[in-house]
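The chain contents come next:
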Amino acid sequence: CVTAEDYKVYAKQYFPNTKSVAIFGGESGSFDTSLGVVSTPEYGKVFIAIESTTGNNLTDTEKSSLITALSPFTVTSITPVIVDTQTTNIILGINFQFDSSKTTETTTSLASLVSSTLRNYNTSNLAQFDGAFRHSKVTGLIDDTDTSITSNITTVTLAHDLTPTLSTATAYNPHSGHNSTSGGVLASTGFKVSGDTTNVQFFDDDGAGNIRRYILVAGVRQYQDSTAGTITYSTGEIKISSINIISVENVDEVASSSIRLTVTPDSLDIIPVRNQILKIDFVNTNINGSLDTIATGDSSSGTTATTTSTYVTPSSY
């Protein structure tokens, strides 16, 4: 094994359930036992991330077996390390307009067709290590779903799940002023902390790099900690200071062990790096259709249809 392609060939050979493989050298990243894959260089190692056909990360036994199988083919000075994949979910907010004179479809059926278009895109372009999300490509596919669709406005939100260590004080590792009046670019689902078993708490940021923790009182945010961590807008790095989380609220109305963190990206094109995989979150993606009154010459407001029901926390997601 000399090149990345060499490692991919052998990884697929010795782990038949391989769907996709990502290889990156220590010069572009490393693995931290508490933080996972980070951008800090670690020379002399090659990192291998495998997405299995089952969708699960490799077990410790599978990782050890693969390292053993690779050992006869690796360069002596290079140590291979198997790392887990990291999935970033993309939540879309789609509002499309259509000309009713060019179709027999309803707003509901058109929205369903758009959903099918996105599912095909997710399967063929994303859900693999080299799958980049291109905003203009997606909006074009939406417009091309049906000849009656005249335009669409599509927003992008990124989501990542954080699984906290419960009942233990633990630290977890855009531009200045970004959306500061509305809670910055960061939002989270709810959780409870030690010392307050009554109030559900959330994260946001102040637009100046500080992560804040708050509760809601009559719909108004009351901040419990204005320096609960930091967010670096230029790199997307989020660090949460030591906090003792005792329980996690439901996510999408389902019991969860993770807190969902969402951010509004500075760029609408999302490019995965190292062990990252992008997937569209269809549970929280909204697809709304309405009549294009300019195209039809109809001054009425038209009707709107949505294909998904969305669970939204008071902090956006």
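Residues numbered from 1 in each chain as written. Predicted model: local features only at pLDDT ≥ 70, side-chain atom pairs only at ≥ 80, totals over all residues. Heavy atoms only, no water.

Visitor: So what exactly am I meant to see when it comes to helix α4 (residues 135-144) here?
Guide: For an α-helix, the turn length of 3.6 residues means that residues three or four places apart are oriented alike. Where α4 is concerned, the buried positions are H135, V138, T139 and I142. The arc that holds the buried residues of α4, viewed along the axis, is 95 degrees, so those residues lie on one side. Exposed residues lying more than 90 degrees from the buried face of α4 are S136 and D144. As for α4, its buried residues are in contact with β6 (86-98), α3 (107-125) and β7 (149-162). (Buried < 20%, exposed > 50% of the residue type's maximum accessible area, 1.4 Å probe, protein only. Helix = DSSP H or I, 4+ residues; strand = E, 2+ residues; numbered from the N terminus. Arc of directions from axis to C-beta. Contact = heavy atoms within 4.5 Å.)

Visitor: Explanation requested: the packing of α3 against α4 in the structure shown.
Guide: A pair of packed helices is characterised by two quantities: the angle between their axes and the separation of those axes. Two elements in contact, α3 and α4, have axes whose closest approach is 9 Å; the angle formed by their N-to-C orientations is 140 degrees. In terms of their interaxial angle, α3 and α4 are classed as oblique. For the pair α3 and α4, the sense of crossing is right-handed. Taken together, the residues of α4 that come into contact with α3 (itself represented by V114, T117, L118 and Y121) are K137, V138, L141 and I142. Split by residue class, the contact of α3 with α4 holds six nonpolar, one polar and one charged. (Axes fitted to C-alpha atoms, helices over the stretch in contact; angles between N-to-C directions. Parallel < 35°, antiparallel > 145°, perpendicular 65-115°, else oblique. Left-handed = near helix turned anticlockwise from the far one by under 90°. Nonpolar A, V, L, I, M, F, W, Y, C, P; charged D, E, K, R; others polar.)

Visitor: Would you explain the pairing of strand β5 (residues 79-83) in this entry?
Guide: For a regular strand, side-chain orientation follows a simple rule: the groups alternate between the two sheet faces. For β5, the tally of buried residues reaches four of five residues, placing the bulk of the element in the interior. As paired elements, strand β4 (residues 45-52) and β5 share five bridges and run parallel to each other. Paired with V46 across the strands is P80, a residue of β5. Considered for its hand, the β-α-β crossover made up of β4, helix α2 (residues 60-70) and β5 is right-handed. (Pairing = 2+ DSSP bridges. Right-handed = clockwise from strand over helix to strand, strands pointing away.)

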